[in-house]
Structures are given as structure tokens and as C-alpha cells.
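Here's the letter readout for the chains.
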Amino acid sequence: MKEKEDPTTGLMSQWATMHENFWKEWLALGERFWANIPALQTDKTLSGFSPPDITKMYFDWWEKWGKAMYPQALTDMPMFKPFTMEGMQRWGEWPWFKALGDLGIWYREMLEKFEEEARGEMQEGLGVTVFNRINRAVKIYMEVLDFWIRIMGLLQDVSAGKPASAEETKKIYEEWMKNYRSVMESLWGQIPSSDVRSTMKAFTGTSLAASDFAWSFAEPVISNLSQLPGIFQRMIKGEKGVTAELGGLFIKNYEDTMGRALLAPSLGYFREFNERINKAVYGYVQFNNAKTAFFSMLYRSGLQAAERVLQRFAEFKIDELTPETIRELYRIWWNVNEETYHEVFRTEEFRDISQQLVERGLLLRKWCDELAHHMLKFTSIPSKQDMDEIYKAIYDLRKDVRALRKAVTDLRV
Amino acid sequence: MADNTVNVMIKEISRLQQKLLKGYETMFRIKDVESGVTPGELVYREDRVSLFHYKPAGGEVCPVPLLVVYALVNRQYMMDIEDNLSLFRKLLERGIELYVVDWGYPGKIDRYVTMEDHIQGYLNNIVDFVRDRSGSDKINMLGICQGGTFSIIYSALYPEKIKNLVVMVAPVDFHAGEGLLITWAPFLNPELMVDVIGNIPGELMNLGFLWLKPFQLIIDKYVGLVDRLDDPGAVQSFLRMEKWIFDSPDQAGETFRKFVKELYQENRLAKGEFTLGGEKVDLKKITMPVLNMFGELDHLVPPECSKPLADLIGSKDVTTIAYPVGHIGMYVSSKAQKEMAPTVARWLIERSQVTKPSKRKVAGTGAAAVKKKKAKK
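Worth saying up front: this structure is predicted, and the values here are computed from it rather than measured. Positions within a chain are numbered from 1, following the residues in the order the chain's sequence is written. Throughout, the order in which chains and ligands are written sets their labels, letters from A for the former and numbers from 1 for the latter. Only residues with pLDDT of 70 or above have their local features reported here, since the model is predicted, and side-chain atom pairs are shown and tallied only from 80 upward, although totals for entire chains, interfaces and linings are computed over all residues.

### Concerning the overall build of chain A
Short version of the rule: We count a stretch as a helix when DSSP gives it H or I for four or more residues in a row; a strand needs E for two or more, and each element gets its number in order from the N terminus. Whether a residue is buried, exposed or partly exposed is read from the other C-beta atoms within 10 Å of its own C-beta, which are placed from the backbone; 20 or more gives buried, 12 or fewer gives exposed, and intermediate counts give partly exposed. By the criterion used throughout, residues are in contact when their C-beta atoms, derived from the backbone, lie within 7 Å.
Helix and strand counts for chain A come out as 16 helices and zero strands. When burial is assessed residue by residue, chain A has 24% of its 413 residues classed as buried. Taking contacts inside chain A between residues at least 6 apart in sequence as the whole, the part at least 24 apart equals 76%.

### A word on the overall build of chain B
For the record, the criterion: We compute the radius of gyration from the C-alpha atoms alone; for a globule the expected value is 2.2 Å times N to the 0.38, where N is the number of residues.
Per the secondary structure count, chain B includes 15 helices and 13 strands. Its C-alpha atoms give chain B a radius of gyration of 22 Å, near enough to 21 Å, the size a compact globule of 377 residues would have. With the principal axes as the frame, chain B shows a C-alpha extent of 80 × 50 × 40 Å. Per-residue burial for chain B yields a buried fraction of 46% across its 377 residues. Taking as baseline every contact in chain B between residues at least 6 positions apart, the subset at least 24 positions apart corresponds to 80%.

### Quick word on the confidence of the model for chain B
Residues and elements named next belong to chain B. To be explicit about the condition: Confidence of the predictor at the level of single residues is given by pLDDT, which spans 0 to 100.
In the predicted model, chain B carries a mean pLDDT of 87, and the fraction of residues at 70 or more is 90%. Mean pLDDT per element in chain B: strand 13 (residues 374-375) is the minimum at 42, and helix 4 (residues 146-157) is the maximum at 98. Overall, residues 355-377 carries pLDDT values under 50, and its contacts beyond four positions in sequence, including any with other chains, amount to 39 contacts. Across the assembled chains, the prediction reports ipTM 0.81 with pTM 0.73.

### Observations regarding the nonpolar core
To keep it simple, the criterion reads: The term nonpolar core refers to a set of buried Ala, Val, Leu, Ile, Met, Phe, Trp, Tyr and Cys residues connected through C-beta atoms within 7 Å. Residue ranges labeled as domains rest on an automatic or database domain assignment.
Tyr141 of chain A together with Leu67, Val68, Val69, Leu91, Leu98 and Val101 of chain B are the most contacted members of the largest nonpolar core, which totals 133 residues. By residue number, the principal contributor to this core is helix 7 (residues 126-159) of chain A, which donates 12 residues. Summarising the domain contributions, this core has at least three residues from each of domain 1 (7-187) and domain 2 (194-381) of chain A. Contact partners of Val68 of chain B, with chain neighbours within four places excluded, come to Gln76, Met79, Leu98, Tyr99, Val100, Val101 and Leu142 of chain B. Tyr282, Tyr284, Leu364 and Leu371 of chain A belong to the second-largest nonpolar core, a separate cluster that totals nine residues.

### Points about the packing of helix 15 (residues 348-376) of chain A against helix 6 (residues 190-197) of chain B
Stated precisely, the cut-off is as follows: Note on geometry: axes are C-alpha line fits, over the in-contact stretch for helices, and angles between N-to-C directions span 0 to 180 degrees. Just so you know how the angles are binned, under 35 degrees is roughly parallel, over 145 roughly antiparallel, 65 to 115 roughly perpendicular, and the rest oblique. Crossing chirality is assigned from the near helix's rotation relative to the far helix, an anticlockwise turn below a right angle marking it left-handed and a clockwise turn marking it right-handed. In this count, Pro and Cys sit with the nonpolar residues alongside Ala, Val, Leu, Ile, Met, Phe, Trp and Tyr, while Asp, Glu, Lys and Arg are called charged and the others, Gly among them, polar.
Look at helix 15 of chain A against helix 6 of chain B: their axes get within 9 Å of each other, and the N-to-C directions meet at 30 degrees. The angle between the axes of helix 15 of chain A and helix 6 of chain B places the two elements in the roughly parallel class. Once helix 15 of chain A is placed against helix 6 of chain B, the crossing between them reads as left-handed. Together, Glu359, Leu362, Arg365 and Lys366 of chain A of helix 15 of chain A and Leu192, Met193 and Val196 of chain B of helix 6 of chain B make up the contact between the two elements. The class makeup of the residues in the contact of helix 15 of chain A with helix 6 of chain B is four nonpolar, no polar and three charged.

### A short note on the pairing of strand 3 (residues 66-69) of chain B
Looking down a regular strand, the side chains alternate between one sheet face and the other. Residues and elements named next belong to chain B. Formally: Being paired, for any two strands, means DSSP has found at least two bridges between them.
Alternating positions in strand 3 separate into two faces, Leu66 and Val68 on one and Leu67 and Val69 on the other, with burial throughout. As paired strands, strand 3 and strand 6 (residues 98-102) are joined by three bridges and run parallel to one another. Directly across from Val68, in strand 6, lies its bridge partner Val100. Alignment of strand 3 against strand 7 (residues 139-144), held across four bridges, turns out to be parallel. Bridge pairing in strand 7 places Val69 opposite Gly143.

### Some thoughts on helix 8 (residues 214-226) of chain B
Rule in force here: In this analysis, the expected span of each helix is defined as 1.5 Å times one less than the number of residues it contains. Consider a residue and the seven residues that end there alongside the seven that start there; fitting an axis to each set, the bend is the angle between those axes.
Taking 1.5 Å of rise per residue, the 13 residues of helix 8 of chain B would be expected to cover 18 Å, and the 18 Å separating its terminal C-alpha atoms lies within 8% of that figure. At Asp220 of chain B, helix 8 of chain B shows its maximal kink, close to 40 degrees.

### Focus: unusual backbone geometry
Residue and element names in this part refer to chain B. With a phi close to 55 degrees, Cys145 is a non-glycine residue in the positive phi region. Along the chain, Cys145 turns up in the loop between strand 7 and helix 4. Phi at Asn267 is positive, roughly 50 degrees, even though this residue is not glycine. Counting through the fold element by element, Asn267 comes out in the loop between helix 10 (253-265) and helix 11 (268-271). Look at Asn267 and you get buried, because 20 C-beta atoms sit within 10 Å.

### Considering the environment of Glu82 of chain B
As for its placement among the helices and strands, Glu82 of chain B is situated in strand 4 (residues 80-82). Considering only alpha carbons, one finds Glu82 of chain B and Thr38 of chain B, 44 residues apart in sequence, at a separation of 8.7 Å.

### Section: the confidence of the model for chain A
Residue and element names in this part refer to chain A. Residues of chain A with pLDDT of at least 70 account for 38%, and the chain-wide mean is 63. Between the elements of chain A, mean pLDDT differs from a low of 34, seen in helix 4 (residues 85-89), to a high of 92, seen in helix 16 (residues 384-412). For the stretch residues 1-15, pLDDT sits under 50, and the model shows 10 contacts to residues farther than four places along the chain or on other chains. Residue range residues 65-101 is modelled with pLDDT below 50. Its contacts to residues more than four positions away, or to other chains, number 39 contacts.

### Considerations on the environment of Leu157 of chain B
Residues and elements named next belong to chain B. Assignment of secondary structure puts Leu157 in helix 4. Taking C-alpha positions, Leu157 is 8.5 Å from Ile286, a pair spaced 129 residues apart along the chain. Those residues in contact with Leu157, other than ones at most four positions away along the chain, are Leu276, Glu279 and Val281.

### Thoughts on the pairing of strand 7 of chain B
All names here are of chain B. In terms of burial, strand 7 is largely enclosed, as six of its six residues are buried. The alternating pattern of strand 7 places Ile139, Met141 and Gly143 and Asn140, Leu142 and Ile144 on opposite faces, both of which are buried. With five bridges connecting them, strand 7 and strand 8 (residues 162-168) associate as parallel partners. Each residue of the ladder has a partner; that of Ile139, found in strand 8, is Ile162.

### Some details on the environment of Ser155 of chain B
All names here are of chain B. The residue Ser155 is located in helix 4 in this model. Along the sequence, Ser155 and Asn206 sit 51 residues apart, while their C-alpha atoms lie 29 Å from each other. Ser155 has contacts with Met141, Ile162, Leu165, Ile286 and Met288, leaving out every residue within four places of it along the chain.

Here is the structure:
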């Protein structure tokens, strides 16, 4: 009886070949760099360049990859199921398949290494700038491939033309949407959490009240204004516990400075200053609210696109997956997204929300400029308003000089 | 199929790796690429605005020089981006003497520079300079994109100085068609933008342009390049385009305010209500021959915005040509490259035989020989 072939053998050899090729490429690249060092030293455009430590880079990601993937994959290998229809239904659960799906993560890490090295070792230049743009696009492409790998098993029945049960369809849909969200995050960044949104709303309410008392409550936070952008950024990234940190900061500062905060407005002298700060904070909160609404809309549109892509993928009959079909699927993905977003960009909702975003951003800047102007009044540093006045004066002077020069020329003629 | 899927995915990822490695090696060395391949002579300068002169390189020399007026939004070297993709070079080879306006990069000090300053100031001074230098009472003008709109306005205000007007992808009716820029424009607040920011950053303008086709321009364009990363020629061409696309000067604040408010939002030019420096811009005063070219697939300036020019102006000699290309394709597509320069050169030479050689005197002979036609596609 013929011994049953281990289904992992093929995969292992493919992995080995791929890594071997990749390793050879890196070595060859390194050799070329080192071989060219005299030329690099004499070439002024490359002065200061030192080749990245390719070997270290390779082992860094190899180590990461190994730690992340192999222990689990190796442990589960004896249980690895052959490629049967039954197995395909559970494809997404296979360790190797999971590992393959995580190729995207590994690959992104590698690209990030590239960028890191490029930033650290290379001088600024058009080539590096554009290469980083390519990297970013390829990362998204990899997200799509990764997404496709994860979803492929779930689509088997559909793509084979067999009607899926309601439960299967629901599962496919849910899985699809869940995974699509990570693609969206690569594209547009992470959406602020509902926690952040509610905090923003509460904060807006505080600022809106704008009474002396409300202001006295807000003022201490402003005294630590420099910490706020960082905190908000972390909140927007969805970091847990930051809301509490903000609250803590708020309370601490309030307690530390309450007396001053309560007294200052009543003195009158600080009233204008406080009002300007109030406006700036209000503007900051409003801007973040507008930003949240804007990105929510982008996400929602992405999910609309996801449904359409799912439909198109389901219609896409694949007898055999080839590099061409992968690219065709990718082409469908970006075209459907482009069409969907194009429709969204034409809607009144998009125009309203983006108008809000731009206007809120502009108002925030305006109020910050006004605040800065007020603060700089006590120094010899010119504010934006002062500079604008100078620019206007120079502009008018230039016009006068031109007019005078023309008058002189005309008189000479 | 599953086994095959794994193989194919691994191959695809491996392919990307190989290509990116090649690209890494090729691209990290490139600090910059040449912008503008044809050597020109700087002949005039006023503030940040420069004028370059290019001598014709052969063929029947057109007696009237051509002044090229590009948009403020991007740089004029798109017309001269590569040896084999240079409209300038092709025009020079066909006997057209060129003067090219370089608007430069507005600094903060330029935030109060108005559209009047650009058209009735800088551009008018340049036209007078070229007229003096060339000895032509009237010169030919080629306006491109926003520069085309400027040229149309200029020709309406100073028809006595323009012999022939050529415009490419120039918007004149800003409310025609369904372009996204037209859809978005009413919701911009140019007053607040300029009051707060001053000059409008080029990066912001570029972001707006990228958002017109985000998936194509932010993702697919670069993914598509990966396959060609091992071709140094293709990489160089791509880098030149990238440099040009992202080389966006800021927009002088007051000019932006008027351009967006009165043209994009209120469509005053097409309505006959546009004024500049207190003077009404009457398009019917454009009576010189006009050649109007646009791209049928243009998503920035949809053809519907350019097409109506023939009906809005007073000229009886209007030639309208639509090319099956997009906005950028007008400069770099092989079809446009092959057809556009010969067409423009021929059209200009046919209509430029009357002014020379008298200096500052209008030559009255030969005008009747110019074929009068009003052709529309």
C-alpha cells in the first residue's frame, strides 16, 4: 500500500525554497552594496550613505516570524488535515492556513523594516520618497490578499456555484465584514471608539456652556494644553484607559488651580484671555467631532463597498486560482471601491460632513491664532496677524513702486 | 484548489518581494530627476515670476512667437518632462519659437497677490516684453488648464495683443458637466480658507485631486509599478511624473479666493459677469482665431467645461479638437504626443503670416486669406 503523502511536505518545501531565494537575494544585494563601496565613497550624491545591515534585518524578521508562527504551527502539524471538502470548510481554522494568512502581517513587518532602514540610512530623496509610497500601496495590496486568503475558505461553496445555507451565508457575511474592517483601517486609519465619541460629546457640552463656572472647570486642563493633543491622539487610536487618564488630568489640574481659575475671570483682566482659550478648546473639540463624523462616513461607505465586492467575488467563477486571477480579484476590489466612494463623494451627506470638517479645522486654527496673538502681545515676538499686516504693507509698497516706475517710464517716452 | 491557492499566494508574495528588492536597489540611489529637459534661457523676471525663451530647432519658422501660460497649481515642465514626451521640443522642431511663463512658488509674502496682479500685472508685462523682444505687435498664446482660463480672460481684455489663442484643457463654463471638483466647489468656503490660512498649500490642493480617484491614485498606481521596478527606464519615467504631481506650489490666497468664488462657485465668466480690476471681461471681444483642445476623459476639467468656449467668444475662426485621453494624457499619452504638436504648429503657422516683420505696426495684409471657420466636434 502506498504510503499516504504528508500534505505539509509540499508546503514546507515551498516555504524553504521561498526563504532560500529570498535569503540569496538579500545576500546578493548586500554583496553588491559592499562591492560598490569605493564607488559609493567617491560618488558625491551618495556620500554619507551606508548600506543597511541586511543580515540583521533578515534575522530580525525571521525571528519575529518564527516566534509568531512556528511554535503553534509545529505543535498542530500532526493534526493537520488533508485538503478535503470537509477540511476546506474549516480552512480558516487550520494553523498552517492561519500562518499563511499571517503572511500579510509578516510581510508588512518586512516592509516596515524597509521603511525604517530607508529612514535611518538613506538621505532624503525622490527615490526613497516614492519607494515609501509604493511600500504603503503594496501593504494595502497585501491586506487585500491576506483578506482574500482568510475569506477564500468561506467562499468555497459560493464560488463553486452551490447555494449556501442561511447560516453559512450569515457566517460568510460576518467574517467578510470583520476582515474588511482591517483593510479599511489600513486605508483610512482607525475610527475613534464610541467611548471617545461620548467623551467628546460631554466635553463639547462643557465648553458650550461657556459660563465662568464652566470655564473655570476647563481652564486648568488648558494649563496642560500641551498634553491634550497626545491624549486625544491616543484616544482616537482607540487606546483603552486614556479617557480615564484625561479625566484624571482634568480633575488634578482643576484641584491644583481651582482658586486661580475661579478668581481670574472675575478680575476682568484675564477675561479676554480666558475667552480665547475657551474658544480654542471648543474649536478643538468641535474639530474632533467633525473628524469622527467624517471617518465614520468613510468606514460606512467602505462597508457598503464590501458588500458589493462580496457580491462580485461570488459571481467570479474560479476554476483554478492563478496569479492572473489574484490580480483580477484585486482589480475588482479596487474598482468596486472606487465606484462606491465616487458615488458617496457625490452625496449631499458627504459634502455637508466634509464641509463641516474643513470649516471646523479652519475655525480651530483661527481661534488658536487669535489666542497666540493675544499671548504674544506681551512679548516682542510677532504673531501671524502681525506678519499678515507686514505682508500687506509690502504688497501695497510693491504696487506703489510699480506704479511710480511706470509713471517715470511713460514720462521718459 | 486549496493547495493551488497556497502555491499561488506564496508565488505572488514571493514575486512582490523579488520586485521590491530590485526596486529598493534601483530607487534608493535616485535623489532627484531632471525636470524640464529642453534648455531654455531666462530672459525676464519679476518678483517670483520668470520667463524662459526657447529657440526653434528647425522646420518652417513661425514668424510669431508663442507664449505658453501654465496653471498656477502645478509646474510647466510637464510639457517638457522627457526627451520623447516633450511638447515643447516637438513644437520647437516644427519651427515654433517659445516663451514659457514660470509662475514660481508663492511665499507667505504673496498672499495678497490677486488675480488682477497675475493677469493684468505679471502676464501683461510679460506679453509686452515678448512683443518688444520679438518685434511682433501681436503674439500667439497657449494657455493650459487654469493658465488656459487666464489666457482666455487676458485675450478678452487685451485682444489687440494676441494674434492667435490656443487653449488646452481650459475650463470656461464651471457649472457644466458632473466633475467632482464642480460638485464640491459650492461647499468650499474660500473666504474663511484664505482669511485663516493665507496661501492655500499645494499639499491640500493635491489631496483634493487624489481624492477624486483615491483607489487608483493612492494604491493601484503604485501596485502597478511593482511589476516594472526592475526596468530603470520605467522607474525614471514614473519618478518624473511623481515629481511633477507632487511639485505643487501654494496658491496665492487672494487669487484662490477670486478663482474659486467667482469662477467655480458663481460661474461669472460664462455668464458674462466677470470683472478684473474693475474691467468687465467680455468674451465676445475674443475675435482672434482660437484653437480649443481638451480630453474627452478628463476628470479634472470635464470636456463639458471646455467645449462651450466656441459659443461664448466672438471669434469666427474656432477649431475645437477633442482627444480621447484624460487630463494628464493630454501631455503624455502617445496619441496626444503624436498628433498635438503637429496640429498646433500647423494651425499656428497657417495663421501667423501677417504680423512680421513690422515692429509695433499692425500688418493689415493677408488677413483675408485666413480661412474663417467655426468648427466644433
